[in-house]
Amino acid sequence: MHLQSVSPRKTGISAAERLVREDLAAAYRLVAYYGMDDSIYTHISARVPGAEGQFLINPFGMLFRDITASSLVKIDLEGRILDDSPHDVNPAGFTIHSAVHSARHDAACVLHTHTVAGVAVSSLADGLQPCNQWALQFYNRVVYHDFEGIALDHEERERLVTDLGPTSRAMILRNHGLMTLGRTVSEAFILMLNLERACRVQVAIASTGEAIHPVPPEVCERTARQYESGDSTREVGQDDPNAREWRAMLERIAPSPVTSFRD
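Remember, it's a predicted structure, so these values are computed and weren't measured experimentally.

Q: What is the right way to look at the confidence of the model for the protein in this model?
A: Should pLDDT be low for a region, the predicted coordinates there are not to be read in detail. Across the protein, the average pLDDT comes to 88, with 89% of residues at or above 70. In the model, residues 1–10 has pLDDT below 50 throughout and makes 23 contacts with residues more than four positions away in sequence or in other chains.

This is the structure in structure tokens:
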């Protein structure tokens, strides 16, 4: 069963929404480029600027590599499609993303993946371990949500939000996958890329059968705080510490029609 459009209507797209659409489409392309997509499943959503309770999400049935700014579907927290899109959206994606957007107004973007490494680490009893520099970004900062089956039950949303808490930007959905929240699309994507790399390294280490060289807790915490400060990556005069990396990543998918809109 797919979420259906209710009274579709054509609305003008503001300059702010256009920019978010372009960044969100680029994030879909980058997830595909880095091999973090799962066919037509999983989602990245972004809050519509200046619109209460509205967000953009991918059309169900389209590969991430083919997403464009205009193909993104605008829905509300009830799952109603708010524009004249010919597409519907995945109900499981709606369940997870509507839960986060309704509770975490600081989250401009929510990114969810099912990668081999991410699902592997999510299935381990001890979860993500502080065994490498990427993982230390999430030291004592990643939270967990127990698997309840495919996310079709709207009652799960309350439990997911409780587990997420008011400040966490990274969640491991046990036996399922990974999720990151960003104040911008670029922040959510870069957090996910680093979380995915941390999981890949952990799986690679485990494959050797060798003991992990421990990192002292105080160094783990110091490293996490360094990541949070952004001091090592922020450009002079630039508020967004991800700006330089995001621009460099966009070069990987250029030129591409991520900014195309229907007239």
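Q: Quick question: what am I supposed to make of the packing of helix α2 (residues 91–103) against helix α5 (residues 156–164) here?
A: When two helices pack together, their arrangement is given by the angle between the helix axes and the distance between those axes. One can describe the packing of α2 onto α5 by two numbers: an axis separation of 9 Å at closest approach and a directional angle of 55°. Considering the angle they form, α2 stands oblique to α5. Here α2 runs over α5; the crossing is right-handed. Between α2 and α5, the residues in contact are F94, T95, I96, S98, A99, V100 and A103 and R157, L160, V161 and L164, respectively. Residues belonging to the contact of α2 with α5 are distributed by class as follows: eight nonpolar, two polar and one charged.

Q: Looking at this model, I keep getting lost on the packing of aromatic side chains. Mind explaining?
A: The geometry of two aromatic rings is summed up by the distance between their centres and the angle between their planes. For the coordinates displayed, the defined rule picks out five aromatic pairs. Centroid distance Y33 to Y34: 5.2 Å. Interplanar angle 80°. Geometry classified as edge-to-face. In this structure Y33 comes out as partly exposed when scored by relative accessible area, which is 43%.

Q: Sorry if this is basic, but what is going on with helix α7 (residues 217–229) here?
A: Side chains of residues three or four places apart in an α-helix project in the same direction, reflecting 3.6 residues per turn. Taking 1.5 Å per residue as the helical rise, α7 with its 13 residues ought to reach 18 Å, and the 18 Å between its terminal C-alpha atoms agrees with that figure. Burial in α7 covers these residues: C220, T223 and A224. Here the buried residues of α7 occupy an arc of 100° about the axis, which is enough to place them on one side. Exposed and oriented more than 90 degrees from the buried face of α7 are E218, R222 and R225. Considering only its buried residues, α7 is in contact with α4 (133–136). In the stretch just after α7, G230 is the one whose phi turns positive, near 70°.

Q: Looking at this model, I keep getting lost on the sheet that holds strand β6 (residues 170–173). Mind explaining?
A: What holds strands together in a sheet is hydrogen bonding between their backbones, with the strands either parallel or antiparallel. Pairing within the open sheet is mixed, and its seven strands lie in the order β3-β2-β1-β4-β7-β6-β5. For this open sheet the edge positions go to β3 (73–76) and β5 (142–145), each flanked by a neighbour on one side alone. For this sheet, the mean inter-axis angle between neighbouring strands, taken without regard to orientation, is 25°. Two elements, strand β4 (residues 109–113) and strand β7 (residues 177–182), share five bridges in a ladder whose sense is antiparallel. Bridging from a neighbouring strand, L111 pairs with T180 of β7. Sheet contacts for helix α6 (residues 185–208): β1 (44–47), β4, β6 and β7; angle to β7, the most-contacted strand, approximately 150°.

Quick notes on the rules
- Residues numbered from 1 in each chain as written.
- Predicted model: local features only at pLDDT ≥ 70, side-chain atom pairs only at ≥ 80, totals over all residues.
- Heavy atoms only, no water.
- pLDDT = per-residue confidence, 0-100.
- Contact = heavy atoms within 4.5 Å.
- Axes fitted to C-alpha atoms, helices over the stretch in contact; angles between N-to-C directions.
- Helix = DSSP H or I, 4+ residues; strand = E, 2+ residues; numbered from the N terminus.
- Parallel < 35°, antiparallel > 145°, perpendicular 65-115°, else oblique.
- Left-handed = near helix turned anticlockwise from the far one by under 90°.
- Nonpolar A, V, L, I, M, F, W, Y, C, P; charged D, E, K, R; others polar.
- Phe/Tyr/Trp six-rings, centres within 6.5 Å; stacked < 30°, edge-to-face > 60°.
- Buried < 20%, exposed > 50% of the residue type's maximum accessible area, 1.4 Å probe, protein only.
- Expected span 1.5 Å × (residues − 1).
- Arc of directions from axis to C-beta.
- Pairing = 2+ DSSP bridges.

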